[in-house]
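The chain contents come next:
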Amino acid sequence: VLSFTDGSSGADTATSGSVSAPGPIGLSPLTPGEELSAMLVHELSQIPSIVVPPFRPVVASTPSEYRQIGEIMEVDALLNGHIRSETLGSKEFLALDVRIVSALDGTQLWGDIIRAEADDNFLQQSEFASEIASRIGYRLTSTASDEAPPTPESFHCLVDGKVRCVPDSREGLQMALMCFNKAHQADIRFADPLAGIALTSITLAAQSSPSRSLELIQQAREKAGEALERDSNSIDARLATAMLDWQTVEQYALAERKFQALLEEAPNNWQIHHQYGLLLLATGRTDEGLDSLRAATLRNPLSITVKTDLARAHWFAGDAEKALDQGRRVREKFANHPLAAGLLIDILEQQQQYAEAAKGDGGFEATTPESYFTERKNRLAAIPYGPFGNELNSAILTTRTSSSIDDALIADLADSPMPPMLPLVLARHPSFQSVRELASAREILDRLKQAK
């Protein structure tokens, strides 16, 4: 779903003939047309037989631009359109001029104009999604038609949070938490904002400092429980509990059962495939993990996190050159995003290619390994090796500069709740090869092996 243009967006012109991969929304405000597009993604994603990637703001108006966007977003078709106000008699209407365009050749496959009485009720506009679905041969019951729909303010804040809660942007995750909290305050009956808080919290915990991570893990556990009390079938709340199980309390077999059940119900949910793939990698099932990560990136082609995790999985499987090739493609596609840059630096450091690694980290001067690591330590927060959190990124650096990772440190890290990415990093990261021989590490790895 592309950005719907409207009178206030000023975006109903061409994109100058060149289209780049849109990054995460982060803190950017949304125009009314973008809000409508985000809401349509939220609603149309409920159709199980089609894949609707998460919304990213991008516009197009020519066949060439449609083809470029189709290639970048790795989709078959694009939903596009314009929203305007109309007066019919004494009533004001919103007119949605909507069309589906082939991503292969940029030609229109279907088009229609859908009208609804104009008001400020964003929830009521979700019926646009039901109308679009019915006219292209699908059935969808919009959120506005639920037996007990949420309040309009709560739904509006929920959609705003949903569009930001991607692991590619820590700032976006923080903003998503604020949106979900506001949605919950607007309607405490509504389970989805609580589930959003839970899922965003455990996602952000993996990228945070130890003290902040602990707070977020506790919040994720509490809010997932509250969400499930309101809706025991909540996909996001159940996904959050599965992530908590394997990332923080070593309940690997339980998490796997939850992932498998979730995939049966929501086979097109990219985040389920992504997290299940990471768990499979951690437990040593590399081929299955790669398959699951590929499935995730097919369902969310613009996720920098998923693409770098897929490249990293090839490295963990022993194919550093393939990982470097994929990582460079991600870096090029997403303007040297820190997640892609950090992965490449991690691999090059492991290969002791310090001059090449320095080029990827701002091009600083490094005449010796010692001077390289002195500078790299200062830059680690800006370009971490991965979305592993401060402790584990620092530990990776330590494995390459000293032998100070001992059994006591691993035992301390393994205290519940452990850093969310510890099972994966400890089990598979090449720089932890000697660490895996420590007694505390072997205890964790033995429990991972038992989960196969």
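Computed from a prediction, not measured in an experiment: that's the story for all the values here.

So what exactly am I meant to see when it comes to the pattern of salt bridges here?
Pairing between side chains of opposite charge can happen when the charged atoms of each approach one another. Inspection of every chain in the model, using the stated rule, returns 24 salt bridges. E74 is the salt-bridge partner of K333, the closest N and O atoms lying 3.5 Å from each other. With K333 in helix α13 (residues 320-333) and E74 in the loop between α2 (63-73) and β1 (77-88), this pair connects stretches of sequence that are 259 residues apart. Here E74 falls in the partly exposed class, since its relative accessible area comes to 38%.

How do you make sense of the pairing of strand β3 (residues 108-117) when you look at a structure like this?
Of the strand pairs in this sheet, strand β2 (residues 91-102) and β3 are connected by nine bridges, and their pairing is antiparallel. When the bridges of β3 are listed, V101 appears paired with Q108.

I tried to follow helix α17 (residues 390-401) on my own but got confused; where do I start?
Each α-helix turn comprises 3.6 residues. Residues three or four places apart therefore point the same way. Given a rise of 1.5 Å per residue, twelve residues ought to cover 16 Å, and the 17 Å separating the end C-alpha atoms of α17 matches this to within 8%. For α17, the set of buried residues is L392, N393, A395, I396, L397 and R400. Packed against the buried residues of α17 are α12 (304-316), α14 (338-350), α16 (369-379) and α19 (422-428).

Would you take a moment to explain the packing of α12 against α14 for this structure?
Axes are the key here: two packed helices are described by the angle between their axes and the distance separating the axes. Between α12 and α14, whose axes approach to 9 Å, the crossing angle comes to 15°. Relative to α14, the element α12 is oriented roughly parallel. Along this stretch, α12 crosses α14, giving a crossing that reads as right-handed. Contacts between α12 and α14 involve I304, T305, T308, A311, R312 and W315 from the first element and L339, A340, L343, D346, I347 and Q350 from the second. Across the contact of α12 with α14, the residue classes tally to seven nonpolar, three polar and two charged.

Any chance you could explain the pairing of β2 here in plain terms?
Looking along a regular strand, one sees the side chains alternate between the two faces of the sheet. Two strands pair when backbone bridges link them, and β1 and β2 are joined in this way by twelve bridges, in the antiparallel orientation. Paired with A77 across the strands is S102, a residue of β2. The antiparallel pairing of β1 with β2 creates a hairpin that spans two residues between the two strands, and G89 there sits at a positive phi of about 70°. The hairpin turn running from β2 into β3, its antiparallel successor, is five residues long, and G106 in that turn takes a positive phi close to 80°.

Sorry if this is basic, but what is going on with the packing of aromatic side chains here?
Within a pair of aromatic rings, the relevant descriptors are the distance that separates the centres and the angle that separates the planes. Taken as a whole, this structure holds six aromatic pairs when the rule is applied. Ring geometry for Y354 against Y372: centres 5.3 Å apart, planes inclined by 35°, an arrangement best described as tilted. Pair noted here: Y354 is in helix α15 (residues 354-360) and Y372 is in helix α16, with a separation of 18 residues, a long-range link. Looking at R400, its charged tip hangs above the ring of Y385, at a distance of 5.3 Å from the centre.

Is there a simple way to think about the environment of Y252 in this case?
Tracing the backbone through its elements, the reader meets Y252 in helix α9 (residues 252-265). Residue Y252 is classed as buried on the basis of its relative accessible area, which comes to 2%. Sequence separation between Y252 and P387 is 135 residues; the distance between their C-alpha atoms is 20 Å.

Looking at this model, I keep getting lost on the side chain of R164. Mind explaining?
You can see R164 is positioned in helix α4 (residues 152-164). By relative accessible area, R164 is classed as buried at 4%. Separated by 2.6 Å, the side chains of R164 and D160 make a polar contact. When near neighbours in sequence (up to four residues on either side) are disregarded, R164 contacts I25, G26, L27, S28, P29, L30, G172, L173, M175, A176 and C179.

Is there a simple way to think about the nonpolar core in this case?
Most often, soluble globular proteins have nonpolar side chains that are buried together. Counting 119 residues, the largest nonpolar core has L40, L44, L96, W246 and F259 as its most contacted members. No other element matches helix α10 (residues 270-282), which puts seven residues into this core. If near-sequence neighbours (up to four positions away) are discounted, W246 is found in contact with Q251, Y252, A255, F259, Q275, L278, L279, A282, M421, P423 and L424. M73, V101, L302 and L339 belong to the second-largest nonpolar core, a separate cluster that totals 17 residues.

When you look at the sheet that holds β3 in this model, what are you seeing that I'm missing?
Pairing in this open sheet of three strands is antiparallel, and the strands run β1-β2-β3 from one edge to the other. The open sheet has two edge strands, β1 and β3, and neither has a second partner. Strand after strand, the sheet turns through a mean of 15° between neighbouring axes, direction not considered. Sheet strands touched by helix α3 (residues 127-135): β2 and β3. Its angle to β3, the strand with the most contacts, is close to 145°.

How should I be thinking about unusual backbone geometry in this particular structure?
A negative phi angle characterises most non-glycine residues, just as the trans form characterises most peptide bonds. With a phi close to 60°, E74 is a non-glycine residue in the positive phi region. Unlike most non-glycine residues, Q352 shows phi in positive territory, near 60°. Within the element layout of this structure, Q352 appears in the loop between α14 and α15.

Would you mind going over the confidence of the model for the protein with me for this structure?
Interpreting fine coordinate detail is not advised for predicted regions of low pLDDT. On average, the protein scores 91 in pLDDT, and the residues at 70 or more come to 96%. Here residues 8-16 scores under 50 on pLDDT; set against residues more than four positions off or in separate chains, the count is 14 contacts.

Definitions and limits used
- Residues numbered from 1 in each chain as written.
- Predicted model: local features only at pLDDT ≥ 70, side-chain atom pairs only at ≥ 80, totals over all residues.
- Heavy atoms only, no water.
- Salt bridge = Lys/Arg side-chain N within 4 Å of Asp/Glu carboxyl O.
- Helix = DSSP H or I, 4+ residues; strand = E, 2+ residues; numbered from the N terminus.
- Buried < 20%, exposed > 50% of the residue type's maximum accessible area, 1.4 Å probe, protein only.
- Pairing = 2+ DSSP bridges.
- Expected span 1.5 Å × (residues − 1).
- Contact = heavy atoms within 4.5 Å.
- Axes fitted to C-alpha atoms, helices over the stretch in contact; angles between N-to-C directions.
- Parallel < 35°, antiparallel > 145°, perpendicular 65-115°, else oblique.
- Left-handed = near helix turned anticlockwise from the far one by under 90°.
- Nonpolar A, V, L, I, M, F, W, Y, C, P; charged D, E, K, R; others polar.
- Phe/Tyr/Trp six-rings, centres within 6.5 Å; stacked < 30°, edge-to-face > 60°.
- Lys NZ or Arg CZ within 6 Å of the ring centre and 35° of its normal.
- Polar contact = N/O pair within 3.5 Å; in protein donor to acceptor, adjacent residues only side chain to side chain.
- Core = buried A, V, L, I, M, F, W, Y, C linked by side-chain atoms within 4.5 Å.
- pLDDT = per-residue confidence, 0-100.

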